[in-house]
Amino acid sequence: MKKTGAEIFIECLTKEGVQVIFGYPGGAVLPLYDILFKTHIRHILVRHEQGAVHAADGYARATGKVGVCLVTSGPGATNTVTGIATAYMDSIPIVVFTGQVPTAMIGNDAFQEADIVGITRPCTKHSYLVKDANNLATVIREAFYIASTGKPGPVLVDIPKDVMTASAAFKYPEKVHVRGYQPTYEGHIGQIKKVADAMAMSQKPLLFIGGGIISSSASNELLELSEATHIPVTTTLMGLGGFPSNHPLSLGMCGMHGTYTSNMSLTNTDLIIGIGARFDDRVTGKVDEFAAGAKVIHIDIDPTSIGKNVIAHIPIVGDAKDILKKLISMIKKEKVNWKKKHHEWLTQIEEWKGKHPIAYKQSKKVIKPQFVIEQIYEVTKGDAIITTEVGQNQMWTAQYYKFKKPRTLITSGGLGTMGYGFPAAIGAQVAFPNKIIFDIAGDGSIQMNIQELATAVQYRLPVKVAILNNCFLGMVRQWQELFYDRRYSYTCLESHPDFVKLAEAYGAVGLRAEHPDDVKKVLKEAIKTPKPVLIDFIVDREENVYPMVPAGAPISKMLLV
Amino acid sequence: MRHTISVLVENKFGVLSRIAGLFSGRGFNIESLSVAESLDPKVSRMTVVTRGDDKVIEQVTKQLNKLVDVIKVIDHTEEKFVDRELALIKVNAEPQLREEILRITEIFRGKVVDVSPKTYTVEVTGDEEKVDAFIEMVKPLGVKEIARTGRIAMSRGSKALTT
Ligand SMILES: Cc1ncc(C[n+]2csc(CCOP(=O)(O)OP(=O)(O)O)c2C)c(N)n1
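Figured I'd write up the structure that's included with this text. Predicted, not measured: the structure shown is a model, and the values here were computed from it. (Residues numbered from 1 in each chain as written. Chains lettered and ligands numbered in written order. Predicted model: local features only at pLDDT ≥ 70, side-chain atom pairs only at ≥ 80, totals over all residues. Heavy atoms only, no water.)

## Let's talk about unusual backbone geometry
Residues and elements named next belong to chain A. A cis amide bond, omega 0°, links Tyr546 with the succeeding residue Pro547. Counting through the fold element by element, Pro547 comes out in the segment after strand E20 (533–538). Although it is not a glycine, Asp485 adopts a positive phi angle of roughly 50°. With respect to the helices, strands and loops of the structure, Asp485 is situated in the loop between helix H21 (474–483) and helix H22 (499–506). Its relative accessible area of 63% is what places Asp485 among the exposed residues. (Helix = DSSP H or I, 4+ residues; strand = E, 2+ residues; numbered from the N terminus. Buried < 20%, exposed > 50% of the residue type's maximum accessible area, 1.4 Å probe, protein only.)

## Thoughts on the pattern of salt bridges
Residues and elements named next belong to chain A. This model, assessed by the stated rule, comprises 42 salt bridges over all chains. A salt bridge links Lys326 to Glu186, with the shortest nitrogen-to-oxygen separation between them at 3.8 Å. Placement of Lys326 in helix H14 (residues 320–333) and of Glu186 in the loop between strand E8 (167–169) and helix H9 (189–201) is noted, with a sequence separation of 140 residues between them. For Glu186, a relative accessible area of 57% corresponds to the exposed category. Across the pair Glu542 and Arg486 runs a salt bridge, and its minimum N-O distance is 3.0 Å. In this pair, Glu542 sits in the segment after E20 while Arg486 sits in the loop between H21 and H22, placing the two residues 56 residues apart along the sequence. (Salt bridge = Lys/Arg side-chain N within 4 Å of Asp/Glu carboxyl O.)

## Comments concerning the site of the ligand
All names here are of chain A. Near the ligand, the surroundings consist of 17 residues, among which Gln392, Gly416, Gly444, Ser445 and Gly474 are the closest. Interatomic distance of 2.9 Å between a backbone N/O atom of Met475 and an oxygen atom of the ligand. Here the ligand has 590 Å² of accessible area as a free molecule, and 76% of this is covered by the chains. Every element with two or more residues in the shell around the ligand is listed here: helix H18 (392–400) and H21. Looking at side-chain class alone, the shell around the ligand contains seven nonpolar, nine polar and one charged residues. (Near = heavy atom within 4 Å. Polar contact = N/O pair within 3.5 Å; in protein donor to acceptor, adjacent residues only side chain to side chain. Areas by Shrake-Rupley, 256 points an atom, 1.4 Å probe, with all protein chains shown as cover. Nonpolar A, V, L, I, M, F, W, Y, C, P; charged D, E, K, R; others polar.)

Next up, the structure:
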């Protein structure tokens with residue numbers, strides 16, 4: 001049957017089960033918008049294309065489904081780049097559709113032409129320029145397949161305007177086969193056996209968990225393995241939520257702002273069981289001294305992350321869930337008294353926990369930012385979905401909100417994108433209209449995508465934003481304080497809008513707390529309010545994030561409070 | 001160490017820039033690159049010569065494999081293989097030099113493929129060393145221009161690299 005490109009687009013999205021698109025129109029996507037007008041697929045009109053991509057990404061992280069966005073050519077497309085790079089670094093499945101000038105004009109520097117496939121090549125998992133409407137269905141099918149399988153990631157589909165209006169024979173391709181793309185899911189059984197043996201031999205093993213546990217939905221298996229073997233768990237920023245933070249075997253986050261216990265455990269362990277983590281520099285610190293005495297097991301779906309930063313003694317390529325299941329059944333056959341074997345190690349760990357827990361000095365006069373996060377945890381009973389911006393706000397959230405379940409922390413880990421958290425919260429709220437969604441923000445970051453307040457108001461998305469307002473680009477200021485003799489070069493935000501009035505101007509609700517006694521009250525009020533709420537917490541201006549490992553130092557060398 | 005890597009890729013728009021971008025973006029070096037259609041017109045074959053320690057080369061091959069349009073990657077350095085280059089060399093061919101050029105060309109089993117009153121264009125094939133050696137021999141006579149293809153390679157024996 002013949003259909004127009006635009007019709008094919010909608011048919012394919014429907015087949016993929018897409019319920020919502022985050023987008024922003026323009027000349028080159030008019031035919032797609034015209035058809036969207038008549039369909040059941042929901043479209044959320046953002047106020048900046050970067051917001052559309054972050055929202056689609058937040059939606060994807062909250063649900064595990066593919067997030068979708070649609071923007072016009074040229075500036076619409078280039079505005080998506082930061083969003084795409086953010087999703088790429090954290091392996092988030094999104095498909096970005098960009099309009100393009102008509103095929104005959106490509107390459108002529110036509111009005112609003114940008115080579116977006118070229119521009120995004122290094123930050124997409126794959127990309128397509130569709131030059132013929134006859135290929136559109138196959139491309140869309142492949143795009144969703146590639147975005148969501150293997151190690152997930154963003155895929156860009158660039159569609160020239162004439163392809164949207166051309167008619168083509170349409171048959172939905174039920175099967176996808178991309179010969180150059182065959183992700184390995186099943187872990188090699190011989191290698192898994194080696195892991196089981198290494199675990200049985202080890203005196204001081206440690207599970208080291210990254211975001212892969214979450215994308216593979218393997219947190220139940222992880223919990224089972226950890227409990228069965230009494231092996232403690234440390235996580236990267238991306239792994240938070242993959243293992244319950246309040247579990248006795250949880251050591252919290254590791255790395256630059258990780259817990260003392262996590263970093264000491266990583267330094268002293270004899271066996272690292274790394275799952276779905278990249279061993280990146282924020283985690284390893286000085287890599288030569290990282291886990292020097294340990295045997296390293298590295299389980300990852302992406303062969304390129306294995307052996308990239310740290311040598312893996314037992315590498316396994318595959319899906320974490322599949323491998324953990326097999327590992328658990330092998331472990332059950334081992335005749336080891338795990339509890340007894342790890343008794344000494346766990347005693348040592350308890351000692352570390354007792355000696356240097358994550359802590360700050362409470363104040364009766366000024367609001368401590370850490371206190372705000374503890375209070376958010378309390379009033380939401382740990383059941384909210386939390387997004388963050390980037391900087392101190394992000395690290396305090398990681399340290400003080402006790403994430404219990406996967407997909408409850410949504411944060412830009414790899415790229416560290418300021419301005420991410422708020423649109424991501426909008427995406428998560430679209431997915432879960434009845435959940436409490438908090439964006440924990442800095443006063444700098446929130447202003448990078450503040451325009452999305454209009455989106456939240458328009459679609460009645462009752463997202464809460466907690467601004468930890470220190471009138472500084474706090475994290476950068478912290479580095480200047482510690483490593484540049486307090487020369488606060490351009491990190492003081494001397495002029496701010498009145499955030500309460502700003503929220504009101506957008507039609508949202510603005511609240512402010514200036515005293516520790518007000519924190520809980522304001523939070524409760526925010527939660528009661530069925531509207532977007534922006535809360536301006538005036539916090540201790542020069543509070544620092546501790547522990548901290550200075551860049552390039554081994555992770556055992558932490559600056560403590 | 002130097003590695004010669006053959007890569008089968010989808011013969012699609014933009015594939016070359018994906019490969020080139022991978023090398024430049026990750027700081028891998030390319031000493032030479034040659035690309036053309038393979039037996040199957042839907043597939044191109046690339047030969048990349050690159051340099052790096054084992055860790056770098058492991059990343060190069062893994063990263064190549066990770067590209068969706070890459071179908072197969074083999075590093076010939078781990079096996080026996082043959083490799084060739086082709087060069088066109090435009091040499092000064094004043095009458096008194098012609099005899100010498102022809103003699104050298106003969107020794108290298110090259111071919112004169114174009115003549116003009118003042119120049120000969122010689123085609124030479126062989127491994128890189130042979131092509132280098134030829135160029136060194138004719139340089140004193142005055143080389144005006146050279147064009148080289150970069151290396152192509154194939155495993156020895158009956159094993160074939162196909163999709
Ligand atoms: C888009 C972008 N620009 C610059 C940076 C560098 N950077 C990292 S943290 C930070 C300060 C963030 O300030 P704020 O949002 O107020 O948060 P705080 O650290 O005070 O909690 C900056 C500028 C970044 N991560 N992202």
